[in-house]
Each structure stands twice: as C-alpha cells, then as structure tokens.
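Architecture and fold: a report
This is what each chain is made of:
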Amino acid sequence: SAAKKAAELCVVQADAQAKASPLEVPRAAGIGQTYCLEGVGRFADAEKLFQVLVQTYSSEPTFLLRYANFLINQKAREKDALAWVDQAVGVSYGYNWAKAVLLKAKIEIAMKNSDGALKTLNAAIGELDLSSGDPDDRDQRWAARFRDVEKSIAKSRAVANQ
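The rules behind each value
- Residues numbered from 1 in each chain as written.
- Predicted model: local features only at pLDDT ≥ 70, side-chain atom pairs only at ≥ 80, totals over all residues.
- Heavy atoms only, no water.
- Helix = DSSP H or I, 4+ residues; strand = E, 2+ residues; numbered from the N terminus.
- Buried < 20%, exposed > 50% of the residue type's maximum accessible area, 1.4 Å probe, protein only.
- Contact = heavy atoms within 4.5 Å.
- Areas by Shrake-Rupley, 256 points an atom, 1.4 Å probe, with all protein chains shown as cover.
- Lys, Arg positive; Asp, Glu negative; His and termini not counted.
- Charge placed at Lys NZ, Arg CZ, Asp CG, Glu CD.
- Salt bridge = Lys/Arg side-chain N within 4 Å of Asp/Glu carboxyl O.
- Disulfide = S-S within 2.5 Å.
- Axes fitted to C-alpha atoms, helices over the stretch in contact; angles between N-to-C directions.
- Parallel < 35°, antiparallel > 145°, perpendicular 65-115°, else oblique.
- Left-handed = near helix turned anticlockwise from the far one by under 90°.
- Nonpolar A, V, L, I, M, F, W, Y, C, P; charged D, E, K, R; others polar.
- Core = buried A, V, L, I, M, F, W, Y, C linked by side-chain atoms within 4.5 Å.
- Phe/Tyr/Trp six-rings, centres within 6.5 Å; stacked < 30°, edge-to-face > 60°.
- Lys NZ or Arg CZ within 6 Å of the ring centre and 35° of its normal.

**Notes on the overall build of the protein chain**
Counting its secondary structure elements, the protein chain contains 8 helices and 0 strands. Sequence-ordered secondary structure for the protein chain, helices as α and strands as β, is α-α-α-α-α-α-α-α. Across its three principal axes, the protein chain shows a C-alpha extent of roughly 50 × 40 × 30 Å. The buried share of the protein chain, taken over its 162 residues, is 39%. Contacts in the protein chain between residues far apart in sequence, at least 24 positions, make up 49% of those at least 6 positions apart. For the protein chain, the accessible surface area stands at approximately 9600 Å², while carbon and sulfur atoms represent 52% of it. Positive and negative side-chain charges in the protein chain, numbering 22 and 20 respectively, have mean positions lying 6 Å apart.

**Description of the side chain of Glu-108**
Relative to the elements of secondary structure, Glu-108 occurs in helix 6 (residues 94-110). Of the side chains bearing the opposite charge, Lys-104 lies closest to the buried Glu-108, which forms no salt bridge; the N-O distance is 4.2 Å.

**Some details on the pattern of salt bridges**
A full pass over the atoms with the stated rule returns 8 salt bridges. Between Arg-77 and Asp-80 there is a salt bridge, with its nearest N and O atoms 2.7 Å apart. Under the relative-accessibility criterion, Asp-80 is labelled partly exposed at 34%. The closest approach of N and O atoms between Asp-139 and Arg-138, which form a salt bridge, is 3.5 Å.

**Some details on the state of the cysteines**
In the structure shown here, the tally under the stated rule is 1 disulfide. Cys-10 shares a disulfide with Cys-36; S-S distance 1.6 Å. Of the two residues, Cys-10 is situated in helix 1 (residues 2-20) and Cys-36 in helix 2 (residues 27-39); the sequence distance between them amounts to 26 residues.

**Observations regarding the environment of Ala-18**
Within the secondary structure, Ala-18 sits in helix 1. Along the backbone, Ala-18 and Gln-33 are 15 residues apart, and their C-alpha atoms lie at a distance of 8.3 Å. Setting aside chain neighbours within four positions, we find Ala-18 in contact with Pro-26, Ala-29 and Gln-33.

**Description of the packing of helix 2 against helix 3 (residues 43-56)**
At their nearest, the axes of helix 2 and helix 3 sit 8 Å apart, and the two run at 160° to each other. By the angle between their directions, the pair helix 2 and helix 3 is classed as roughly antiparallel. Considering the relative orientation of helix 2 and helix 3, their crossing is left-handed. Facing helix 2, whose interface residues are Gly-30, Ile-31, Gln-33, Thr-34, Leu-37 and Glu-38, helix 3 presents Phe-43, Asp-45, Ala-46, Leu-49, Phe-50 and Leu-53. Class assignment for the residues of the contact of helix 2 with helix 3 results in 7 nonpolar, 3 polar and 2 charged.

**Brief notes about the nonpolar core**
Among the nonpolar cores identified, the biggest contains 28 residues, and Leu-53 and Val-85 are the most heavily contacted of them. Ranked by the residues each element gives to this core, the list is headed by helix 4 (residues 61-73), at 7 residues. Judged by nonpolar contacts, the second largest core, of 16 residues, contains Ala-98, Leu-118, Ile-125 and Phe-146.

**Observations concerning the packing of aromatic side chains**
One pass over the structure, following the stated rule, counts 8 aromatic pairs. Look at Phe-50 and Tyr-67: their rings are 5.2 Å apart centre to centre, the planes differ by 25°, and that puts the pair in the stacked class. Highlighted residues: Phe-50 in helix 3 and Tyr-67 in helix 4, separated in sequence by 17 residues. Grouping residues by exposure puts Phe-50 and Tyr-67 together as buried. Through pairs of rings, three or more aromatic residues link up here, namely Phe-50, Tyr-67, Phe-70 and Trp-84. Seen from the ring of Tyr-57, Arg-27 lies directly overhead, with NZ or CZ sitting 5.0 Å from the centre. Directly above the aromatic system of Tyr-35 lies the positively charged group of Arg-66, at a separation of 3.8 Å from the ring centroid.

Quick look at the structure:
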C-alpha cells in the first residue's frame, strides 16, 4: 500500500518534470516516468512511452537496454527484448556495450538458445583487447564476466545431460 502510494506520487512528479523540460521528448523524465508507471502496474502506458523514447533516441543504448529489460519482465516477451538489445549492441560502446552483450546472452539462455548465447559471448570476447595480462584491466574483467556466463551454460548442460 505504501509502495503503491509512493509509485503514484512518482508518476505525478515525473509527469511534472516532463512538462517542465524544454525537450519535446524529455530524456531523464521519460525514463523516470517509465519506472514509475511500471511501479503502479501501468505497463501499457510505460510501453507506449518506451516506444516514443527508443524512436526518438534510437542511437542511445540506455533507452534501448532499459526497454529490453522492461520487455523481459513482461511474460513471453524475450523475442521482442532480443530485437531491442541487438540494436543496443550495435550502437553502444564501453560499459553499455558489455552490458548489452551480457543481456543478449541472458535473453538467449532464457529462450533456450545456449548455442546462440555462446556465439554471442565468443564474438564479444573476440572484440576485446586482451593483450594486457593485468586482471584489473577493463577488457580482462569483461572477458572474465563473459567466461563466467559461458561456464554457467556448460554447467547447465552438464546437469541436463545427467
């Protein structure tokens, strides 16, 4: 009850922030609105707003990734989420790129496509600069995270084959 009241207040405040923005499609207020709308269970309204945001900011991975995550939380929307995360992988770099790759692999795993997830992870590892032997190097850390997901796929397969 208290959480729902807070989410309703969030919707009102996010709407006010959006109206005060000089942007036709406010960026921060738009993301805030989507979180608030989700919080009160207004999923159709959140999705409409996401569609406007991703069309307006189609080269911004933050919006694409957030929309993909929203779709994952909806029942049986993994295929839709995969399309948006694919777009995010294509336009992102650095942290957002690695986050998008991990999300793509997780969606593929959820879709029972572990071969696709392995292909995604292997391709991503191939994009990294692993010439540094320093385990604290950013690309080395991402490679380790990608390999951890690969290991979890192998472990799942081993359990399934027993």
